[in-house]
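Descriptive structure summary
Listed here are the chains, written in short residue letters.
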Amino acid sequence: MSELDDSIYRSLDDALSGVYECHKCILGDTRTNVVPGAGNPRAKVMFIGEAPGKNEDLQGKPFVGAAGNLLSQLLERIGLKREDIYIANILKCRPPRNRDPRPEEIEACTPWLREQIKAVHPTVLVTMGNFSTKFVLQTTTGITRLRGQVRTTGPFRVIPTFHPAAAIYDRSKISALEADFDLIRALLDADERREHENM
Ligand code: SF4
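Residues numbered from 1 in each chain as written. Predicted model: local features only at pLDDT ≥ 70, side-chain atom pairs only at ≥ 80, totals over all residues. Heavy atoms only, no water.

**Focus: the confidence of the model for the protein**
Where we set the bar: For every residue, the predictor assigns a confidence score, pLDDT, that lies between 0 and 100. Residues are treated as being in contact if the distance between any of their heavy atoms lies within 4.5 Å.
Per-chain confidence: the protein averages 94 in pLDDT, with 95% of residues scoring 70 or above. In this model residues 2–8 is a low-confidence stretch, pLDDT under 50, and it forms 12 contacts with partners more than four residues away in sequence or in other chains.

Structure (structure tokens):
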């Protein structure tokens, strides 16, 4: 991610120009819709998930359905709405039967994500699940060991956390997700305090 250090401002439309026609990997042949991302193009916090699921593929929107509802509840708990953040995935097209992303698909698709990060220019990246965390932090360490602390890469503070879908099946992960979202709130509050002090 180091090449993002000297990010150049671009609009999201420019950044995603061509994504709807993309066939750089085989997922372009089986998708219903490309799901590039959604939310505030000037968000301070960008959430990065794994890949579209069935509902996302059908609607062309990220994080709809049960995992999306849980994400919205977690955001609400810390005083944020979907409109306050930007959400994207590592892959923009659904892997068949929701299988894991393959390395060659991640390699083909993540240039889109890099362009989105450059365009939105967030200060905090929240990586949800193993795939986005490993990509952003360039690590092989799993999410269970990495979550719960603020990490850094280049100019970004990174908060790794579980993917909300994992908490749908394992409710014991909810308290960890809540603690990680509290970290997001704490970072944003500290940033706001600093901005006021510098005014
Ligand atoms: S998953 Fe990404 S690289 Fe593959 S076809 Fe879709 S947009 Fe292109």
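**Some details on the environment of Gln 138**
For clarity, the threshold we go by: Helix and strand labels come from DSSP, where a helix needs a run of H or I of at least four residues and a strand needs a run of E of at least two; each type is numbered from the N terminus.
Topologically, Gln 138 is positioned in the loop between α6 (130–137) and α7 (143–146). Separated by 124 residues in sequence, Gln 138 and Asp 14 have C-alpha atoms that sit 26 Å apart.

**A look at the site of the ligand**
Counted only if it meets this: Throughout this document, a residue counts as near a molecule or strand when at least one of its heavy atoms sits within 4 Å of that molecule or strand. When residues are grouped by polarity, Ala, Val, Leu, Ile, Met, Phe, Trp, Tyr, Cys and Pro land in nonpolar, Asp, Glu, Lys and Arg in charged, and all others, Gly among them, in polar.
Close to the ligand lie Cys 22, His 23, Lys 24, Cys 25, Gly 28, Arg 31, Lys 92, Cys 93, Ala 108, Cys 109 and Trp 112. Grouping the constituent residues of the shell around the ligand by class yields six nonpolar, two polar and three charged.

**Focus on the sheet that holds strand β6 (residues 156–161)**
Note the following rule: The rule for pairing is simple: two strands pair if DSSP sees at least two bridges between them. Note on method: axes are straight lines fitted to C-alpha atoms, helices fitted across the in-contact stretch only, with angles between N-to-C directions ranging 0 to 180 degrees.
Strands sit in the order β1-β3-β2-β4-β6-β5 across an open sheet of six strands; the sheet is mixed. Each having just a single partner strand, β1 (37–39) and β5 (151–153) make up the two edges of the open sheet. In this sheet, adjacent strand axes meet at a mean angle of 25 degrees when their direction is disregarded. Across three bridges, β1 lies against strand β3 (residues 86–89) in antiparallel orientation.

**Structural notes on the pairing of strand β4 (residues 124–128)**
Working note: regular strand, side chains alternate between the two faces of the sheet. Using the following cut-off: Categorising residues by exposure relies on relative accessible area from a 1.4 Å probe, with only protein chains included: less than 20% of the type maximum marks a residue as buried, more than 50% marks it as exposed, and the intermediate range marks it as partly exposed.
Counting buried positions along β4 yields five of five residues, so the element is predominantly enclosed. The alternating pattern of β4 places Val 124, Val 126 and Met 128 on one face and Leu 125 and Thr 127 on the opposite face, and all of these are buried. As defined by bridge partners, strand β2 (residues 45–49) adjoins β4 across four bridges and the pair is classed as parallel. Paired with Phe 47 across the bridge in β4 is Val 126. The pairing of β4 with β6 spans five bridges and is parallel. Bridge pairing in β6 places Val 126 opposite Ile 159.

**What about the packing of helix α4 (residues 66–77) against helix α9 (residues 174–197)?**
Packed helices, taken two at a time, are described by the angle their axes make and the gap between the axes. Counted only if it meets this: An angle below 35 degrees is treated as roughly parallel, one above 145 as roughly antiparallel, one from 65 to 115 as roughly perpendicular, and anything else as oblique. Left-handed describes a crossing whose near helix is turned anticlockwise from the far helix by less than a right angle; the clockwise case is right-handed.
Between α4 and α9, whose axes approach to 9 Å, the crossing angle comes to 45 degrees. In terms of orientation, α4 lies oblique with respect to α9. As for the relative orientation of α4 and α9, their crossing is right-handed in sense. In this structure, α4 uses Leu 70, Leu 71, Leu 74, Leu 75 and Arg 77 to contact α9, whose residues at the interface are Ile 174, Leu 177, Glu 178, Phe 181 and Asp 182. Class assignment of the residues belonging to the contact of α4 with α9 gives a composition of seven nonpolar, no polar and three charged.

**Notes on the packing of aromatic side chains**
To keep it simple, the criterion reads: A pair of Phe, Tyr and Trp rings is counted when the ring centres sit within 6.5 Å of each other, with Trp represented by its six-membered ring. The angle between the planes then sorts it: under 30 degrees is stacked, over 60 is edge-to-face, the rest tilted. As a reminder, the over-ring test applies to NZ of lysine and CZ of arginine, requiring each to be within 6 Å of the ring centre and within 35 degrees of the ring normal.
Under the criterion given, the structure shown has one aromatic pair. Centroid distance Phe 47 to Phe 181: 5.7 Å. Interplanar angle 35 degrees. Geometry classified as tilted. With Phe 47 in strand β2 and Phe 181 in helix α9, this pair connects stretches of sequence that are 134 residues apart. The ring centre of Phe 162 lies 5.1 Å from the NZ or CZ of Lys 173, which sits over that ring.

**Structural notes on the environment of Ser 72**
Positionally, Ser 72 belongs in helix α4. Looking at Ser 72, the relative accessible area reads 27%, which means it is partly exposed. Spatially, the C-alpha atoms of Ser 72 and Ile 90 are 20 Å apart, while their sequence positions differ by 18 residues.

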